[in-house]
Amino acid sequence: MQNARGLTARATIAAGLFAVAVVPGWTLGDLAESRTGWPVLDWVITCGWSGLAVAWAGPRCSYRRVDGWFGAVPIYGWYLAGILAWRLALLPYRDWEPRRDELWQARWLTGDHVGYWRADAPARRTVTTGTRPATGRRTR
């Protein structure tokens, strides 16, 4: 079992993720405003990029995909992007409680990782010859 990241490593990764979630939107928005002269277009592009980042990262960090709409709100979206970047930086471990609909796949860790949750996706079962549908016609 791997170790959870320390505070410095997690903060560095979170800062990088936040920059990826916000800076390209700011840059594209500034370029669009300088080309068109419309300051509103700058805000639409900046907030839209932030909303997309929140919609992508939300389900991985116990938020709903619908919260991407809240990610498009000017200041609140950057706040959500910061929270999600902080949470993404610790994955696959979690220091937050899972939502009710995630509890079936979450487990509370003990030992060296006490205080963390882990919620792995369920393993996919492979199809074997015993589970394949019959190819011939069934008889009575």
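Residues numbered from 1 in each chain as written. Predicted model: local features only at pLDDT ≥ 70, side-chain atom pairs only at ≥ 80, totals over all residues. Heavy atoms only, no water.

**Observations concerning a nonpolar patch on the surface**
In plain terms, the rule: For patches, a residue must show more than 30% relative accessible area and have no salt bridge; joins then use 9 Å for like charges and 5 Å for nonpolar side chains, namely Val, Leu, Ile, Met, Phe, Trp and Tyr. Each accessible area is a Shrake-Rupley result for a 1.4 Å probe, and residues are judged covered by the shown protein chains and nothing else. Here a salt bridge means any side-chain nitrogen of Lys or Arg lying within 4 Å of a carboxyl oxygen belonging to Asp or Glu. Elements are defined by DSSP. Helices are runs of H or I of four residues or more, strands are runs of E of two residues or more, and each kind is numbered from the N terminus. Note on exposure labels: buried denotes an accessible area under 20% of the residue type's maximum, exposed denotes more than 50%, and partly exposed covers the range between, all computed with a 1.4 Å probe on protein chains only.
Where nonpolar side chains cluster on the molecular surface, the patch consists of F70, V73, Y76 and Y79 and spans about 400 Å² of accessible area. Structurally, V73 is set in the loop between α3 (67-71) and α4 (74-88). Accessibility expressed as a relative area gives 37% for V73, which makes it partly exposed.

**Focus on the packing of aromatic side chains**
Each aromatic ring pair is summarised here by two numbers: the centre-to-centre distance and the angle between the ring planes. To be explicit about the condition: Two rings from Phe, Tyr or Trp (for Trp, the six-membered ring) form a pair when their centres are within 6.5 Å of each other. A pair whose planes differ by under 30 degrees is stacked, one over 60 is edge-to-face, and the rest are tilted.
Enumeration over the complete set of coordinates arrives at 4 aromatic pairs. Through a chain of ring-to-ring contacts, three or more aromatic side chains come together here, namely W26, W43 and W78.

**Observations concerning the nonpolar core**
The nonpolar side chains of a soluble globular protein tend to be buried with one another. To be explicit about the condition: Each nonpolar core is a collection of buried residues, namely Ala, Val, Leu, Ile, Met, Phe, Trp, Tyr and Cys, held together in the definition by side-chain atoms within 4.5 Å. By the convention used here, residues are in contact when the closest approach between their heavy atoms is within 4.5 Å.
Counting residues in each nonpolar core, the largest one holds 12 residues, listed as A21, V22, A53, V54, A57, C61, Y63, W78, L80, A81, L84 and L88. Where this core is concerned, the elements lending two or more residues are α1 (7-36), α2 (39-57) and α4. Take this core: its biggest share by element is 5 residues, from α4. Other than its neighbours up to four places away in sequence, A21 contacts W49, S50, A53 and A81.

**Quick look at α1**
To be explicit about the condition: Between the first and last residue of a helix there are one fewer steps than residues, each counted as 1.5 Å, and that sum is the expected span. A residue's bend is given by the angle between axes fitted to the 7 residues ending at it and the 7 residues starting at it.
With 30 residues, α1 extends 43 Å between its outermost C-alpha atoms, agreeing within 8% with the 44 Å of an ideal straight helix rising 1.5 Å per residue. Of all the bends in α1, the greatest, near 30°, is centred on V20, and the proline P24 appears no more than four residues after it. Buried within α1 are the following residues: R10, A14, A21, V22, G25, G29 and A32. Of the surrounding secondary structure, the elements contacted by the buried residues of α1 are α2 and α4. At the C-terminal side of α1, G37 shows a positive phi close to 85°.

**What about α2?**
With 19 residues, α2 extends 28 Å from end C-alpha to end C-alpha; this agrees with the ideal 27 Å at 1.5 Å per step. The complete set of buried residues in α2 reads D42, T46, C47, S50, G51, A53, V54, A55 and A57. On its buried face, α2 sits against α1, α3 and α4.

**With respect to the packing of α1 against α2**
To keep things clear, this is the line we draw: Angles run from 0 to 180 degrees between N-to-C directions of axes, and those axes are lines fitted to C-alpha atoms, restricted for helices to the stretch in contact. Any angle that falls under 35 degrees is termed roughly parallel, while one over 145 is termed roughly antiparallel, one within 65 to 115 roughly perpendicular, and all others oblique. The hand of a helix crossing depends on one turn: near helix anticlockwise from the far one by less than a right angle means left-handed, and clockwise means right-handed.
Two elements in contact, α1 and α2, have axes whose closest approach is 8 Å; the angle formed by their N-to-C orientations is 160°. Taken together, the axes of α1 and α2 are roughly antiparallel relative to one another. Handedness of the α1/α2 crossing: right-handed. Of α2, the residues touching α1 (which contributes V20, A21, V22, P24, G25, W26, L28, G29, D30, A32, E33 and T36) are P39, L41, D42, I45, T46, W49, S50 and A53.

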